[in-house]
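Residue-level structure breakdown
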Amino acid sequence: MDAAYKRVNGNYGPEAKKEPDAETETETGDQGTRKRRGSMYLEEETDNKSEVISCIFSLKEEVGALAKGLRLFEDKGINLTHIESRPSRMNKEQYEFFISVDSSCSQALDEVIDSLRTQISGSVQQLSRNKEKDTVPWFPNDIQDLDRFANQILSYGSELDSDHPGFTDPVYRARRKEFADIAYNYRHGQVIPRVEYTEAEKATWGKVFKELKTLYPTHACREHNRVFPLLEKYCGYRQDNVPQLEDVSRFLQSCTGFRLRPVAGLLSSRDFLAGLAFRVFHSTQYIRHGSKPTYTPEPDICHELLGHVPLFADPSFAQFSQEIGLASLGAPDEYIEKLATVYWFTVEFGLCKQGSEIKAYGAGLLSSFGELQYCLTDKPQVHSFDPDKTSLQKYPITEYQPVYFVAESFEDAKEKVRKFAGTIPRPFTVRYNPYTQSIEVLDNTQQLSNLADSISSEMGKLCEALKKLE
């Protein structure tokens, strides 16, 4: 579920307060409470008195290599508050070491980093989730890392705001807690628990389903209309049935490798976009309150399954969505805001050209009976999609959009986002490895060599196939 759904929830930026999730380890030591969070070998620690700076460095596996590296820290009087190691995934001849030091050692650490690079040819990457200068914000390296922040929701979940249609309904509130518990207890690799929807919930879904389906043939893009019958055939999309996330997720995986993950409420823009980098879409399971079936103050399963899912089954759109996610990894906060805005005007409220007509592909449009009709009238302004301009466009959060952006095609939009990502100031490039379901940080010659070998192999297959077509 996307934090870009801000039209009813407000503008939750990267600075929004985050609550620790259920998996957060808390330790008490001489320096106070330390909250541990990160990937398999990344840890970030904070307390009320100081900030911690973390970095990773790689060394060739040989006798005395680590001792030489640690001596550099010792010579500068830097005490390591934490150290972990593991074999490098990029170079079998190297080991990766993750270390944490107090922020008071910042200047001395800069000198040590330079020495690691020059004296012992170490590869260094500084990582942090605080605002320290010249550091890279933490991001997940493996798909399992999504477990670390999936429960750090910004709003909703089992709690409702006072203006929510279900705020005074104790039955609905109890039901929302059931859905929240499913999301809180879910971990990557598990089967998404099946939900027995009530007759009232099915009736609400049925009303939304029936109204929107009448508009899709004339208002939705061809990719959506091509996939929708398949969802009806294989995933139980019917007026009298609410599809199960597990069934839909398996269908998406067979089409494009995308998968669904249950979430209890809004994630921060940074965390939500990071999921897209792994082709993971955080989806709600709960449904809007039955008193207002055509209105919801937050994304619900109608929005997710009717608006988002059909397009994630299209290869071009899936790649486009992943490009936005990859661009977000390690990006500064101001660029996360820009990427979230690009996401808002594309994946949520995007229009595209198809022949001589303009059609809707944004999930916010495809799940809204009223705005799906409005967006194709002459009332709103319509501009060509350009990430540089789109990322700066302001938008309302409580009414129909006055401005929409039209993509020439998903392929064209993908290339534009890729070029836009090249302007993001970060000291590396990333790529997703679908075999290991992990992010490869391309910041040294060995990794570039591995990538070149992979490309060469794929080019060989392409040439072979072309010859057979002659």
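Conventions we followed
- Residues numbered from 1 in each chain as written.
- Predicted model: local features only at pLDDT ≥ 70, side-chain atom pairs only at ≥ 80, totals over all residues.
- Heavy atoms only, no water.
- Salt bridge = Lys/Arg side-chain N within 4 Å of Asp/Glu carboxyl O.
- Helix = DSSP H or I, 4+ residues; strand = E, 2+ residues; numbered from the N terminus.
- Buried < 20%, exposed > 50% of the residue type's maximum accessible area, 1.4 Å probe, protein only.
- Patch = residues over 30% accessible without salt bridge, like charges linked within 9 Å, V, L, I, M, F, W, Y side chains within 5 Å.
- Areas by Shrake-Rupley, 256 points an atom, 1.4 Å probe, with all protein chains shown as cover.
- Pairing = 2+ DSSP bridges.
- Axes fitted to C-alpha atoms, helices over the stretch in contact; angles between N-to-C directions.
- Parallel < 35°, antiparallel > 145°, perpendicular 65-115°, else oblique.
- Left-handed = near helix turned anticlockwise from the far one by under 90°.
- Contact = heavy atoms within 4.5 Å.
- Nonpolar A, V, L, I, M, F, W, Y, C, P; charged D, E, K, R; others polar.
- Core = buried A, V, L, I, M, F, W, Y, C linked by side-chain atoms within 4.5 Å.
- pLDDT = per-residue confidence, 0-100.
- Phe/Tyr/Trp six-rings, centres within 6.5 Å; stacked < 30°, edge-to-face > 60°.
- Lys NZ or Arg CZ within 6 Å of the ring centre and 35° of its normal.

**Quick look at the pattern of salt bridges**
Under the criterion given, the structure shown has 23 salt bridges. Here E246 makes a salt bridge to R250, at a shortest N to O gap of 2.8 Å. Placement of both E246 and R250 in helix 6 (residues 245-255) is noted, with a separation of 4 residues, approximately one turn of the helix. Classification of E246 as buried rests on a relative accessible area of 9%. Each of R175, E178 and E201 takes part in salt bridges that share partners, so that together they form one network.

**Let's talk about a nonpolar patch on the surface**
On the surface, I455, M459, L462, L466 and L469 cluster together into a nonpolar patch covering about 510 Å² of accessible area. For I455, the position within the fold is in helix 15 (residues 445-469).

**Overview of the environment of R71**
Looking at the secondary structure, you find R71 in helix 1 (residues 65-75). Judged by its relative accessible area of 44%, R71 falls in the partly exposed class. R71 sits 41 residues away from V112 along the chain, and the two C-alpha atoms are 9.7 Å apart.

**With respect to the sheet that holds strand 15 (residues 403-407)**
Strand order in the open sheet formed by 4 strands is 13-12-15-14, and the pairing between neighbours is mixed. What marks the edges here is a single partner per strand, and that holds for strand 13 (357-360) and strand 14 (381-384). Averaged over all pairs of adjacent strands, the angle between strand axes in this sheet comes to 40 degrees, irrespective of strand direction. By the bridge criterion, 4 bridges tie strand 12 (residues 351-354) to strand 13 in an arrangement that is antiparallel. Following the sheet pairing, K353 is matched in strand 13 by I358.

**Quick word on the packing of helix 9 (residues 315-328) against helix 14 (residues 410-421)**
Across the interface, helix 9 lies against helix 14 with an axial gap of 9 Å and an inter-helix angle of 10 degrees. When the interaxial angle is binned, helix 9 and helix 14 end up roughly parallel. Our pair here, helix 9 against helix 14, has a crossing hand that is left-handed. Taking contact as the criterion, the partners of S316, F317, Q319, F320, E323, I324 and A327 in helix 9 are, on helix 14, F410, E411, A413, K414, V417, R418 and A421. The residue makeup of the contact of helix 9 with helix 14, split by class, is 8 nonpolar, 2 polar and 4 charged.

**Topic: the nonpolar core**
In globular proteins that are soluble, nonpolar side chains generally tend to be buried together. Residues Y237, L252, L305 and L306 are the most contacted members of the largest nonpolar core, which totals 82 residues. A per-element tally of this core places helix 10 (residues 333-348) first, with 8 residues.

**Describing the confidence of the model for the protein**
Model confidence for the protein is summarised by a mean pLDDT of 80, while 83% of its residues fall at 70 or above. Averaged over each element, pLDDT in the protein is lowest for strand 2 (residues 32-36) (31) and highest for helix 6 (96). For residues 2-50, every residue scores under 50 in pLDDT, and the model assigns this stretch 140 contacts once sequence neighbours within four places are set aside.

**Points about the packing of aromatic side chains**
Taken as a whole and judged by the stated rule, the model has 25 aromatic pairs. Between the aromatic rings of F281 and F312, the centroid separation amounts to 5.1 Å while the plane-to-plane angle is 50 degrees, which identifies the pairing as tilted. Of the two residues, F281 is situated in strand 11 (residues 280-283) and F312 in helix 8 (residues 301-312); the sequence distance between them amounts to 31 residues. A single burial state applies to F281 and to F312, both of which are buried. Here the basic side chain of R176 rests over the ring of Y286, its NZ or CZ set 3.6 Å away from the ring centre.

**Considering the pairing of strand 12**
Connecting the antiparallel pair strand 12 and strand 13 is a turn made up of 2 residues, with G355 showing a positive phi of about 70 degrees. Judged from the 2 bridges that link them, strand 12 and strand 15 form a sheet pairing that is parallel. In the strand pairing of strand 15, L351 is matched with V406.

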